[in-house]
Each structure stands twice: as structure tokens, then as C-alpha cells.
Amino acid sequence: MRGWCLALVVSAVLAGSSPSFAAEANPPLWLRYPAVSPDGSSIAFAYDGSLYVVPAEGGTARPLITSDVYATRPVWSPDGQSIAFAADRFGNLDVFITPAAGGAATRLTAHSSDDLPSGFTADGAEVLFLSWRLGDAQATYTAPSLNQHAQLYAVPAAGGRERMVLPLMAHEAQEAPGGGRILYEDQPGIEQDWRKHEVSAQARDIWLYNEADGSFTKLSTFEGEDRNPVWSPDERAVYWLSERSGSFNVWRRDLATGAAEEQVTSHDTHPVRFLSISKGGDLVYAWDGEIWRLAAGADAPAKVGIVLPRDTLDAGPHFVTFDYGASEFDVSPSGEEIAFVVRGEVFVMSIDGSVTRRITDTVEQERSVSFSPDGRRLIYASERNGSWGLYESAIALDEEPDFFDATLIEESVLLDTPADEFQPLYDPTGERIAFLKDREFLSVLDRHNGSVKTVLGEQYNYSYSDGDITYDWSPDGRWLCTSYAPSPEHPDIAVVDTRGNQPPKVLVPNGFYDLECQWSPDGRYVVWQSDLLGLRRTDTNPDQVDVLVAAVTREAADRIELGPTNYRRLLDKEWAEAEAAAAEAEVENVGAEEGIDMLELELDGVERRVYRITPFSTSIGFFQLIEGGEALVFITYEPAVENSYTASGYVYRHRSQSLQQLFTDLPVDWIDAEVSPDELSLYMPSPWGFYAISLADGTTNYLSYEAEMRLDEGAERAHIFDHVWRLTATKFYSRDMHHVDWAAYGEAYRRFLPHVTNGFDFAELLSEMVGELNASHTGSGYWPTRSDGDRTAKLGLFFDETWRGAGYKVTAVLPN
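Criteria and thresholds
Residues numbered from 1 in each chain as written. Predicted model: local features only at pLDDT ≥ 70, side-chain atom pairs only at ≥ 80, totals over all residues. Heavy atoms only, no water. Helix = DSSP H or I, 4+ residues; strand = E, 2+ residues; numbered from the N terminus. Rg over C-alpha atoms; globule rule 2.2 N^0.38 Å. Buried < 20%, exposed > 50% of the residue type's maximum accessible area, 1.4 Å probe, protein only. Contact = heavy atoms within 4.5 Å. Areas by Shrake-Rupley, 256 points an atom, 1.4 Å probe, with all protein chains shown as cover. Lys, Arg positive; Asp, Glu negative; His and termini not counted. Charge placed at Lys NZ, Arg CZ, Asp CG, Glu CD. Salt bridge = Lys/Arg side-chain N within 4 Å of Asp/Glu carboxyl O. Axes fitted to C-alpha atoms, helices over the stretch in contact; angles between N-to-C directions. Parallel < 35°, antiparallel > 145°, perpendicular 65-115°, else oblique. Left-handed = near helix turned anticlockwise from the far one by under 90°. Nonpolar A, V, L, I, M, F, W, Y, C, P; charged D, E, K, R; others polar. Core = buried A, V, L, I, M, F, W, Y, C linked by side-chain atoms within 4.5 Å. Expected span 1.5 Å × (residues − 1). Phe/Tyr/Trp six-rings, centres within 6.5 Å; stacked < 30°, edge-to-face > 60°. Pairing = 2+ DSSP bridges. Polar contact = N/O pair within 3.5 Å; in protein donor to acceptor, adjacent residues only side chain to side chain.

A. The arrangement of the overall build of the chain in detail. Helix and strand counts for the chain come out as six helices and 58 strands. Relative to the compact-globule value of 28 Å for 816 residues, the chain shows a C-alpha radius of gyration of 31 Å, a close match. Taken over the C-alpha atoms alone, the chain extends approximately 105 × 60 × 50 Å along its principal axes. When the 816 residues of the chain are sorted by exposure, 53% land in the buried category. The contacts in the chain between residues at least 6 apart in sequence include a share of 48% that link residues at least 24 apart. Of the roughly 36,200 Å² of accessible surface on the chain, a fraction of 50% belongs to carbon and sulfur atoms. Taking the average location of the 64 positive side-chain charges in the chain and that of its 128 negative ones, the two points are 5 Å from each other.

This is the structure we're talking about:
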């Protein structure tokens with residue numbers, strides 16, 4: 001490891017001459033988006049969410065934008081007097097402009113999509129920027145809800161109405177110094193920006209657009225990645241970044257002679273990023289977290305030594321209070337408190353919301369929290385010591401019944417090995433715990449002796465993402481219903497004998513999605529979601545599902561098929577028999593647990609004992625049987641704005657075929673719910689706490705919490721970095737990691753962590769690291785929650801971008 005890092009230092013020295021400015025011993029790293037001024041004297045760059053300007057030869061940088069906003073992507077006006085940039089002052093990234101010498105910034109764009117500036121027009125009158133908007137009716141593929149397509153726009157530098165320049169994903173657009181032509185980088189497919197070494201039809205290329213005749217010319221010929229073009233000052237050549245040499249480096253092509261491309265820089269291991277050029281031909285770019293400059297006529301590039309004028313380190317641990325953001329929860333058996341997880345920590349709140357108690361205090365994350373059957377213990381998984389383990393917190397004093405006001409809470413380790421053990425679930429006695437080992441082994445831990453037994457091997461399950469394998473204990477604690485997916489396509493539901501006496505039994509083998517099983521309270525039925533009967537797409541997860549039940553005994557099948565009258569007669573008969581048995585044994589309530597003590601399942605032919613108990617197919621986020629299995633509570637959902645949903649709740653009684661709507665169109669960030677033990681209330685997460693909804697009439701109340709924690713954001717980022725690195729190493733489909741030295745790259749990128757103090761930079765850091773693997777669908781993003789952000793109306797209207805008269809001219813309207 002040390003030898004590899006030393007090689008990096010040596011290669012950096014060999015790549016260029018010594019800088020003309022003596023940099024500090026511990027220079028700032030993760031310097032991004034450098035842009036050289038037109039006269040070549042200064043370099044603007046982004047660091048730690050702020051913008052700075054430094055002399056081109058190096059020196060002490062002066063702050064340009066250092067307020068509490070995130071600012072990035074500086075670009076110079078042709079006269080060098082102004083700098084445009086992107087900042088999130090109003091919730092998303094808008095384009096701003098400020099004097100290069102310093103002064104107040106002016107907002108130029110006001111759309112709730114991100115606007116990313118790439119340069120000025122040749123006359124300096126407008127700023128070019130890329131934006132994800134509805135676009136052009138004739139030329140644009142539109143998927144605005146997914147932000148999958150962007151267009152190139154221009155906005156007056158003095159402020160005013162924007163215009164569309166190209167209805168294309170024209171990244172890094174640069175107009176020629178003499179005007180009339182635009183260089184840009186295309187984007188043929190949706191892929192994360194920092195992926196490396198891709199050679200496919202989705203690799204990006206360099207294009208030249210001629211404004212006079214509307215023609216397009218492809219300039220790059222490499223099958224892999226070509227990016228970030230800039231004009232030579234005389235417009236006779238184009239420089240850009242290409243991976244044809246292995247890593248991204250600067251390449252040049254002479255447009256006048258048509259000569260073959262030539263390589264300009266020779267950095268290795270890490271990519272050259274963010275190329276810019278001065279009017280004198282000086283090239284400036286970033287490499288390995290620092291800024292480099294290749295002066296016009298120089299033989300080799302030199303690193304720009306930079307000293308920052310202020311301490312940009314984290315403020316350190318501090319106390320914060322969250323009243324939103326719960327990612328999971330569980331209601332106690334007593335119904336008096338709710339356990340939940342916020343930002344990876346476990347809390348418990350009283351059911352009225354008056355008291356919130358923190359249970360865990362770790363840098364690492366906890367998840368999968370639930371109460372023991374007696375309510376005196378909490379179990380959860382925690383990613384400590386380099387792997388997930390099982391932990392338990394217990395109320396220490398017998399006279400104290402609740403967590404939220406307990407005097408003393410003691411935590412213990414139940415299982416912590418180098419393997420990943422998570423998603424714990426108590427059995428009905430609270431003495432055995434089902435959990436996943438290394439994501440694919442379904443195992444059971446005995447709390448008394450610490451023994452672990454595998455009840456379903458890895459050959460029966462395939463986990464694509466954590467949480468996609470679910471399971472539930474039968475009321476007698478012998479059986480588990482579980483996801484059963486030897487391959488990722490079309491998971492089934494199986495019943496597993498935890499004693500190991502019988503092989504796993506798939507309930508309904510089919511080519512559809514069967515998910516999220518539960519046992520009925522009396523153990524007669526297994527309940528789950530299936531898209532067997534609903535509308536579905538052939539290439540993705542189900543769009544519509546139903547709740548199905550399988551009768552695990554023949555008697556249960558006979559029972560569910562009874563009409564309301566005959567079912568009432570059966571209940572009367574069973575009650576009379578139970579009363580007689582109790583009287584004979586002189587024991588009260590002997591029938592209360594009948595059918596639960598020992599379940600003798602009859603699984604042969606169970607696939608012929610499957611019933612639909614939803615009145616219609618829909619998108620279901622939660623379901624649970626109540627009233628002894630006679631009623632089904634379920635919640636449907638529809639996508640809403642800003643990655644949230646609206647939820648509607650129902651109670652359906654299948655014998656009488658009566659449907660009761662509890663609520664409709666409640667805003668939620670994610671879908672989950674739980675019925676209180678007394679079956680009087682339904683609890684759901686809300687954007688501000690929890691909903692408490694009456695199952696009798698749908699009356700909705702709000703429960704708020706105040707989850708106070710000691711937050712060390714730097715340590716948290718370090719943990720998330722290690723989590724991402726380790727999870728990728730564990731789950732990547734190619735055991736050789738695409739021939740990448742993953743350990744070495746982990747160390748190479750980990751050294752930037754002290755210089756990253758915001759979510760935007762952190763997401764780019766993670767994406768750059770996993771981008772080394774050259775794998776699709778890998779990357780990181782950051783979408784902060786801002787209550788004060790702009791929300792542009794989505795009218796479904798296409799406009800004539802050439803219209804300059806009064807108002808806006810509509811050319812088309814989206815259907816519906």
C-alpha cells in the first residue's frame with residue numbers, strides 16, 4: 001500500500017516541472033473546476049463549496065464566494081472582468097455572475113432545475129448553461145420527471161430572458177472566440193459523469209456546431225471517452241480530454257490541416273479533469289486533487305502551489321436536532337412508544353410525542369430496529385468494527401417498563417464477526433433471532449447459547465440491494481416465510497422449517513414477482529404481494545400488485561371460502577367447544593391460543609390454496625391482516641413531486657367485500673406503516689414525524705419528535721466512505737474488480753476526505769472512486785432537502801424558443 005502511494009508521488013513529480021510557487025507542506029486537496037482567466041494571469045477554482053482566485057503561478061488564493069451557499073463551476077467572461085458560476089442559494093443550482101475583482105453576485109437564472117454554466121458567448125453578452133427542462137417539442141426526448149435530458153441555453157450576462165441554443169445534452173459548450181461555432185461534449189446515454197474507461201455506444205464524443213448553417217461535425221474518433229473541449233486562441237485547433245492514452249489526458253487536433261490527434265500531457269493512474277485555456281494558449285486543469293498549468297511553449301506542466309487564507313476544516317462534533325427524516329420504525333408491544341432510526345441512530349419516543357430518547361450514539365449507522373415481544377429489549381444491526389453485527393439494548397431496571405423514560409439502558413453485543421450480520425427479527429418468544437448472514441444466508445441465532453444455524457443457504461437467495469430479502473416468523477416460532485430467489489428475476493415466497501426437518505417449500509412457483517411475506521396472526525395463512533394479476537411491464541419491477549394468501553392447511557382453505565353466515569356459525573361452534581373444554585379442564589381461556597401452540601402444515605398442494613384478498617390491483621406500499629385475519633389494511637401510493645409520494649389507506653373485509661377508505665393523498669417521503677397492538681391505530685411516517693390514523697374512521701393526528709444527537713459530520717463521511725468501499729468490494733459482480741486495484745484506489749481517494757465538508761463534493765468523491773471500476777449504474781448523488789427552494793411550475797407547455805415578442809409563444813402541449 002505504501003509503495004503504491006509512493007509511486008503516485010513519483011509519477012506526479014515526473015509528470016511536470018517544479019512549481020514556481022513554494023506550496024505549503026499540507027496543501028489543500030480536492031481542488032475542482034479550475035478556470036484560467038483570459039489573460040492567463042489568474043485561476044478561479046472551487047474548494048470546499050467556495051470559490052477562490054489564485055495567481056496562475058501559484059500563491060495565496062483570495063476568496064471570491066465564501067458564503068454559506070455551495071458554489072461551483074466558475075467561468076470567465078471574455079474580457080476577464082466577470083465570473084459566472086453555479087450556486088444553490090435558492091435550493092438548486094442557479095447561474096450567478098460576480099465581478100472578478102470581488103463584489104456582490106447577481107442571480108441570472110431562476111428555474112428549479114439545476115443550471116450549470118460552461119462559458120460565455122464570444123461577445124461576452126450571454127452565459128451558456130446546461131439545464132434540465134422540458135425542452136423543445138420537435139427535437140427533444142422529454143423525460144422531465146426523471147431529469148434525464150438537458151438542453152443548452154444562454155442567459156444575458158446583464159440579466160433577462162433566457163433562450164435555448166441547442167435542444168441537446170451539450171455539455172461543456174464553448175463558443176469560438178470569433179463566434180458562430182460551438183464546441184461541446186455529447187451524452188448519448190444516461191451514465192454517471194465520473195465513470196472512467198467506458199468503451200461503448202454511450203461513450204461521449206466531441207462535436208462542432210456551426211450556427212450559420214445548423215450543421216454538426218463529430219471531431220473525436222476514439223471509441224471511448226472524449227470530453228471537455230476548448231478552442232485554441234486562433235481557432236485553428238481544438239484541445240480536449242481523452243482516455244485513448246489510458247487515463248484522461250489533454251489531446252490536440254489541428255482543424256486547419258486535419259492532422260491526427262496528438263497527446264499533450266502524460267499523467268497516469270488518475271484522470272485529468274476540467275480543462276480550460278487562456279487567450280495566450282496556457283492550459284489549466286486538475287489532476288489528482290490539485291491544479292496544474294501547462295504554460296504556452298512550456299515543455300511540461302507544473303503544479304500550481306496554493307495556500308488558502310482561511311481554515312476550511314469541519315467545525316467538529318456538534319449537537320443537532322432532527323424533527324424529520326426517520327427511515328424506519330417499530331411500535332412497542334404495549335403501544336406506548338415507537339422506536340425509529342434517524343440518520344443512522346436509534347431513538348425511542350413516547351406515543352404522544354412528548355419525549356424522545358436517544359438509544360445509540362455511534363459514528364457508524366444502525367438499522368433494522370424492532371422491539372422484543374415483551375417490549376423490554378430493542379434489537380438492531382450496527383456497522384461497527386468493519387462489518388455489520390447484531391446488537392441489543394435493554395431496560396436495566398425491572399420496575400421501569402418503557403425505554404423513553406428509563407433510568408438505565410444497557411447495550412450488549414449479540415453477534416459480531418467479520419461476516420455481515422443484519423436484519424435481525426425476534427421470534428415470538430424473543431429467544432431466537434432470524435437474521436441475514438452475508439446478505440444471502442438466512443440464519444437463526446439462539447440467545448441462550450449463542451449458536452447460529454443456517455436455515456436457508458445462499459443457493460436459494462440472491463440479494464441485489466440490502467432489504468430486498470424479507471421474512472417473518474410463524475406464531476409458533478418454528479417456521480419462517482421468506483423471499484426465495486435463486487436468481488434475481490422473479491422472486492418467490494417459500495416456507496422454511498427452522499428445525500431443519502423439511503426442505504424449503506415454494507408456495508406458488510411462477511414467473512412473476514412475489515414479495516414481502518407475512519404470517520396471519522393465527523398461523524393459518526401466509527400473506528404476500530404479487531403482480532400475478534396486475535398490470536406490469538416486461539422489463540422492470542411490478543407496477544401493480546395484489547395481496548395473496550396461501551392456506552397452509554386444508555382446514556384453513558375451507559375456512560377462507562366460507563361466506564359471512566357460515567363463517568359466523570363456525571365461530572359460534574368453535575367458541576362453544578372452547579367453553580366446554582375450558583369448563584371440563586377448569587382452566588379459563590384455554591382456547592385463546594388454540595391453533596398457535598404447534599402448527600402442523602400441509603404444504604403438499606398448497607399452490608392450489610391461494611386466494612386474492614385485495615379488491616383491485618394497485619401499487620401497494622404496506623399491508624397487514626387485522627381482526628383475526630378477517631380484514632386487510634393496505635396503503636396505496638402514487639409518485640408526487642421532489643421524489644415523494646401521496647398515500648391512500650383502506651380497510652377491506654373480503655368476506656363481505658366491503659371497502660373502507662381511511663385517508664387519501666397524504667404526503668409521505670417513503671411508504672411503511674404499522675398497526676398498533678390494540679388494532680385501533682395505524683402509524684405512518686410523515687415528512688414531519690409520524691401520522692397516527694384511526695382505523696375506525698380515518699381521523700389523522702400528527703406525532704412529532706425531537707431527535708437530538710451529537711453529530712460529527714467528518715467522522716460520518718469517513719464511515720460512509722468506508723461503507724461504500726467495503727460494500728462495493730463485497731458485492732461487485734466481478735471478483736477481480738475489473739482488474740482494478742481496489743485497495744489502492746481506496747487509499748488514494750480516502751486522503752481527500754479531510755478536504756471535503758459538504759454533500760456535493762462528497763458525492764463527486766465517491767463517484768470518482770467507484771468510477772474507476774468502469775461499471776454501469778454505479779455512482780453517488782446528493783439531493784439536499786431545502787424547504788425554501790424554488791419550485792418552478794410544470795405546465796406541460798413547449799415554447800417557441802425563437803420568439804422574442806411579448807409573452808411566450810406556445811408551440812405544443814403535452815397530452816393530458
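B. Expanded view of the pattern of salt bridges. The full count for this structure, using the stated rule, is 54 salt bridges. Note that Arg32 and Glu764 form a salt bridge whose closest N and O atoms lie 2.9 Å from each other. Placement of the pair is Arg32 in strand S1 (residues 32-36) and Glu764 in helix H6 (residues 759-771), with a sequence separation of 732 residues. Glu555 serves as the salt-bridge partner of Arg559, at 3.1 Å between the closest nitrogen and oxygen. Remark: Glu555 and Arg559 occur in helix H2 (residues 554-560); sequence separation between them is four residues, near one turn of the helix. Given a relative accessible area of 6%, Arg559 falls into the buried group. Take Glu555: its relative accessible area is 36%, and that puts it in the partly exposed class. Connected through salt bridges with shared partners, the residues Arg32, Lys196, Arg273, Glu764, Glu768 and Glu772 form a single ionic network.

C. Seen up close, the packing of helix H5 (residues 742-750) against H6. Contact geometry for H5 and H6: axes closest at 10 Å, N-to-C directions at 160°. Classified by the interaxial angle, the pair formed by H5 and H6 is roughly antiparallel. Crossing geometry of H5 relative to H6 is assigned as right-handed. Seen from H5, the contacting residues are Trp742, Gly746 and Tyr749; seen from H6, they are Leu765, Glu768, Met769 and Val770. Tallied by class, residues from the contact of H5 with H6 come to five nonpolar, one polar and one charged.

D. The nonpolar core, seen in detail. With 20 residues, the main nonpolar core has Phe721, Trp742, Tyr749, Phe762, Leu765, Met769 and Leu773 as its most contacted residues. Secondary-structure elements contributing two or more residues to this core are helix H4 (713-731), H5 and H6. The element best represented in this core is H6, accounting for five residues. When near neighbours in sequence (up to four residues on either side) are disregarded, Leu765 contacts Trp30, Phe721, Tyr749, Phe752, Leu753 and Val756.

E. Summary view of H6. Here H6 contains 13 residues, and its C-alpha end-to-end distance of 18 Å stays within 8% of the 18 Å for a straight helix at 1.5 Å per residue. Among the 13 residues that make up H6, 13 are buried, leaving the element largely enclosed by the rest of the structure.

F. Here's a closer look at the environment of Ser474. Position of Ser474 among the secondary structure elements: in the loop between strand S40 (471-473) and strand S41 (479-484). Residue classification places Ser474 among the buried positions, given a relative accessible area of 0%. It is 15 Å that separates the C-alpha atoms of Ser474 and Gly500, two residues lying 26 residues apart in sequence. Setting aside chain neighbours within four positions, we find Ser474 in contact with Pro428, Trp479, Trp519 and Leu599.

G. Region of interest: the packing of aromatic side chains. For the structure on display, the rule yields 30 aromatic pairs. When the centroid spacing of 5.7 Å and the interplanar angle of 70° are considered together, the rings of Phe340 and Phe690 count as edge-to-face. Here the residue Phe340 occupies a position in strand S29 (residues 337-342), and Phe690 occupies one in strand S54 (residues 689-694), the gap between them amounting to 350 residues. Arranged with centres 5.9 Å apart and planes meeting at 70°, the rings of Phe616 and Phe634 form a pair that is edge-to-face.

H. Structural context of the pairing of strand S56 (residues 707-711). Residues of S56 alternate between two faces, with Ala707, Met709 and Leu711 buried on one and Glu708 and Arg710 left unburied on the opposite face. Examined bridge by bridge, strand S27 (residues 318-322) and S56 share five bridges and lie antiparallel to one another. Its bridge partner lying in S56, Phe319 is registered against Arg710.

I. Quick look at the sheet that holds strand S16 (residues 206-210). Read across the open sheet, the four strands follow the order S14-S15-S16-S17; overall the sheet is antiparallel. Since the sheet does not close on itself, it has two edges, and those belong to strand S14 (171-175) and strand S17 (215-218), each with one partner. Averaged over all neighbouring strand pairs, the angle between strand axes comes to 20°, with direction disregarded. Relative to S16, strand S15 (residues 181-185) runs antiparallel, the two sharing five bridges. For Ile182, the partnering residue across the bridge sits in S16 and is Tyr209.

J. Main features of the sheet that holds strand S21 (residues 262-263). Reading across from one edge, S18-S19-S20-S21 is the order of the four strands in this open sheet, with antiparallel pairing throughout. What marks the edges here is a single partner per strand, and that holds for strand S18 (226-231) and S21. Note: strand S20 (residues 249-254) against S21, two bridges, orientation antiparallel. Residue pairing for S21: Arg252 is matched across the bridge by Glu262.

K. The pairing of S18, seen in detail. Among the six residues that make up S18, six are buried, leaving the element largely enclosed by the rest of the structure. The pairing of S18 with strand S19 (residues 237-242) spans four bridges and is classified as antiparallel. Bridge pairing in S19 links Trp231 to Val238. Remark: five residues form the turn of the hairpin made by S18 and S19, two consecutive strands paired antiparallel; Glu235 in that turn has positive phi of roughly 65°.

L. Representation of the side chain of Thr728 in the model. Within the secondary structure, Thr728 is located in helix H4. Of the residues examined, Thr728 reaches a relative accessible area of 16% and is grouped as buried. A polar side-chain atom of Thr728 sits 2.7 Å from the main-chain carbonyl oxygen of Val724. When sequence neighbours within four positions are dropped, the list of residues in contact with Thr728 reads Met737, Trp742, Val770 and Leu773.

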